[in-house]
Amino acid sequence: NALLAELTNPKNKHVLVICATNLASMLDEALVRPGRFGLHINMGAPKAENRFALFQHFLNHALETGRKAARQANPVSKQIIYSHTLIQELTDTTDGFVTADIKEVVERALKTAVTKRKATTCTRHELMLAIDAIKTQKGKQGGYENGAQLKEMLRLRDRIQQQSQPLPEIASAA
């Protein structure tokens, strides 16, 4: 409501508002109706070449972090490099994944490697398990991808909140 009030305030004629969301279907219809924002740009999920670059980035960052830890523990530890073939396989199995999903794949795989093997790098198996876990998680959330069910749940929640005691006002620091 505060954002809508600011958008419709005549004093704010020369204000540029840039917004981003992963779930545009969840936005309040009053916020996105015609005339509120002049331009809507749908970025979509990264294409294969971008997912490849993202996997390279996150795996290289993880490797560098792992190398630092390994050098502290064992200065002669072997150097591990993730192969082009492995990164291509990861890319091919993650169609529809966004940047946050890819980062989560690497983080989950590393967490598994550290907790189960006390390793500082993850294996193909750990990466594929992380991908499967995220696909399962996305599948469970997928029932709301069109937004209709979720919007109805949010409307119901809002009606319940309106009938309950109002929350106290919180002064914002300006």
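Values in this document were obtained by computation on a predicted structure and should not be read as measured data.

**Student:** How should I be thinking about helix 5 (residues 99–117) in this particular structure?
**Tutor:** In an α-helix, one turn spans 3.6 residues, which is why side chains three or four residues apart end up on the same side. Compared with an ideal rise of 1.5 Å per residue, which puts 19 residues at 27 Å, helix 5 spans 27 Å between its outermost C-alpha atoms and is within 8% of the ideal. Those residues of helix 5 not exposed but buried are D101, I102, V105, V106, A109, L110 and A113.

**Student:** Sorry, what's going on with the side chain of R51 here?
**Tutor:** Looking at where R51 falls in the secondary structure, it is placed in helix 3 (residues 48–73). On the basis of relative accessibility, which here comes to 4%, the residue R51 falls in the buried class. When residues no more than four places from it in sequence are discounted, the contact partners of R51 are P46, T91, T94, D95, G96, F97 and I102.

**Student:** What should I look at first to understand helix 4 (residues 84–92) in this one?
**Tutor:** Of the positions making up helix 4, those classed as buried are L86, I87, L90 and T91. Around the axis of helix 4, the buried residues are gathered within 140° of arc, so they sit on the same side. Across from the buried face of helix 4, at angles greater than 90 degrees, the exposed residues are H84, T85 and D92.

**Student:** Is there a simple way to explain the nonpolar core in this structure?
**Tutor:** Soluble, globular proteins show a tendency: their nonpolar side chains are buried together. One finds F55, L59, Y82, L90, V105, C122 and L127 to be the most contacted residues of the largest nonpolar core, which totals 25 residues. Listed by contribution, the elements that provide at least two residues to this core are helix 3, helix 4, helix 5 and helix 6 (124–141). Broken down by element, the residue count for this core peaks at 7 residues, all from helix 3. Residues in contact with V105, not counting those within four places in the same chain, are F55, F97, L127, A130, I131 and I134.

**Student:** Honestly, the pattern of salt bridges in this entry has me stumped. Any pointers?
**Tutor:** Where charged atoms from two side chains of opposite charge approach closely, those side chains can pair. On inspection of all chains with the given rule, the structure shows 5 salt bridges. The salt bridge involving R108 is made with E104; its shortest N-O contact spans 2.9 Å. Residue R108 and its partner E104 are located together in helix 5, separated by 4 residues, close to a single helical turn. Of the charged contacts, one joins E126 and R117 as a salt bridge, the two residues approaching to 2.7 Å between their closest N and O atoms. The exposure class assigned to E126 is buried, which follows from its relative accessible area of 6%.

Rules behind the numbers
- Residues numbered from 1 in each chain as written.
- Predicted model: local features only at pLDDT ≥ 70, side-chain atom pairs only at ≥ 80, totals over all residues.
- Heavy atoms only, no water.
- Helix = DSSP H or I, 4+ residues; strand = E, 2+ residues; numbered from the N terminus.
- Expected span 1.5 Å × (residues − 1).
- Buried < 20%, exposed > 50% of the residue type's maximum accessible area, 1.4 Å probe, protein only.
- Contact = heavy atoms within 4.5 Å.
- Arc of directions from axis to C-beta.
- Core = buried A, V, L, I, M, F, W, Y, C linked by side-chain atoms within 4.5 Å.
- Salt bridge = Lys/Arg side-chain N within 4 Å of Asp/Glu carboxyl O.

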